[in-house]
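Here is how the chains run, residue by residue.
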Amino acid sequence: MIISAKNIAFAALVVATTFRVSADSASAGLAEMDVVCAAWNTPRELVSRARYVCPSNDARPVLQKAIDEAYDLGVRCVLLKGTYLLDSRDESSPRGCLRFPNRTVKERVYAHNASQFNVLEGATMPLGWFGSAELLMGRALYDSIQDDETFSLLYCAGNSVFGRAWKLRNLVIRLPDTRKPVVVVDGRFASALEYENLWV
């Protein structure tokens, strides 16, 4: 599945169907093993819960480290409320920003049996653009994209041989503009993709 800047209306329709939940589910809750991240503007009383604190100029390197660690541990990467500015390209692929890893499998097994969910979610369910975990694409990164280039903000690593699986929840994802060919969630090589409460 691909969520791009050009099908925001469809994404909004999908998001609108996700709010048939009770108010009791507005908080995702934090487990002891979660890899928790705070933004530069996360409320001070919450920052003590975070293992990583992202800077204001570019959160991508810190978020990438947290996502990789959560995948290695088999736990969730949880973002506390705040603004996470994504303003650089992934070192391993200049056509993407945040990379979701794929497990290297040495045994000869069916791909889906070796798959593992990458889980990225905000700690609270968004009810609008503000007050939750916001992934904001930086203007410098956005302007660096060529008109004929396909760029993925969130994407799968590796090839399509082995299964990759995502769970994305409780996130606000914003672009500075809609003129560039940006794929917001690039799930072309994902064997499974679950998303809930995304504001794009």
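Structure shown above.
Residues numbered from 1 in each chain as written. Predicted model: local features only at pLDDT ≥ 70, side-chain atom pairs only at ≥ 80, totals over all residues. Heavy atoms only, no water.

**Quick word on the overall build of the chain**
For the record, the criterion: Numbering goes from the N terminus for both helices and strands, where a helix is a DSSP run of H or I of at least four residues and a strand is a run of E of at least two. A simple rule labels every residue: compare its accessible area, found with a 1.4 Å probe on the protein chains alone, to the largest value its type can have, and call it buried under 20%, exposed over 50%, or partly exposed in between. Residues are treated as being in contact if the distance between any of their heavy atoms lies within 4.5 Å. What sets the accessible areas is the Shrake-Rupley method with a 1.4 Å probe; for residues, cover comes only from the shown protein chains.
Along its length, the chain carries 4 helices and 12 strands. Counting every position in the chain, which comprises 200 residues, the buried fraction comes to 48%. Counting only contacts in the chain whose residues sit at least 6 apart along the sequence, the fraction spanning at least 24 positions is 79%. When the accessible surface of the chain is split by element, carbon and sulfur atoms take 53% of a total near 10000 Å².

**A word on the layout of surface pockets**
Once rolled over the atoms, a probe with the size of a water molecule shows which space is left empty. To keep it simple, the criterion reads: Buriedness of a pocket was judged along seven lines, with at least five required to meet protein on both sides within 12 Å; pockets are open sets of points on a 1 Å grid over the protein atoms alone, cavities are sets where a 1.4 Å probe fits but cannot get out, and lining residues have an atom within 4 Å of a point. Grid points are joined across faces, edges and corners, and a volume is the space filled by probe spheres set on the points. Charged means Asp, Glu, Lys or Arg here, nonpolar means Ala, Val, Leu, Ile, Met, Phe, Trp, Tyr, Cys or Pro, and polar covers whatever is left, Gly included.
Taken as a whole, the largest pocket encloses approximately 170 Å³ of empty space. A per-class count over the lining of the largest pocket returns 3 nonpolar, 5 polar and 3 charged.

**What about the environment of Leu 154?**
As for its position among the elements, Leu 154 is in strand 9 (residues 151–156). By relative accessible area, Leu 154 is classed as buried at 0%. It is 10.0 Å that separates the C-alpha atoms of Leu 154 and Val 182, two residues lying 28 residues apart in sequence. Here Leu 154 is in contact with Leu 98, Phe 100, Leu 135, Trp 166, Leu 168, Ile 173, Val 183, Val 184, Val 185 and Asp 186, once residues within four sequence places are set aside.

**Here's the deal with empty space enclosed by the protein**
Scanning the model with the defined rule gives 2 cavities of 30 Å³ or more in all. In this structure, the largest cavity spans a volume of roughly 60 Å³. Lining the largest cavity we find Ile 67, Ala 70, Tyr 71, Val 75, Cys 77, Phe 100, Gln 116, Phe 117, Asn 118, Val 119 and Leu 120. Looking at the lining of the largest cavity, the elements that each hand over two or more residues are helix 3 (60–73) and strand 7 (117–122). Here the lining of the largest cavity takes 4 residues from strand 7, the largest share from any one element. Here the residues of the lining of the largest cavity sort into 9 nonpolar, 2 polar and no charged.

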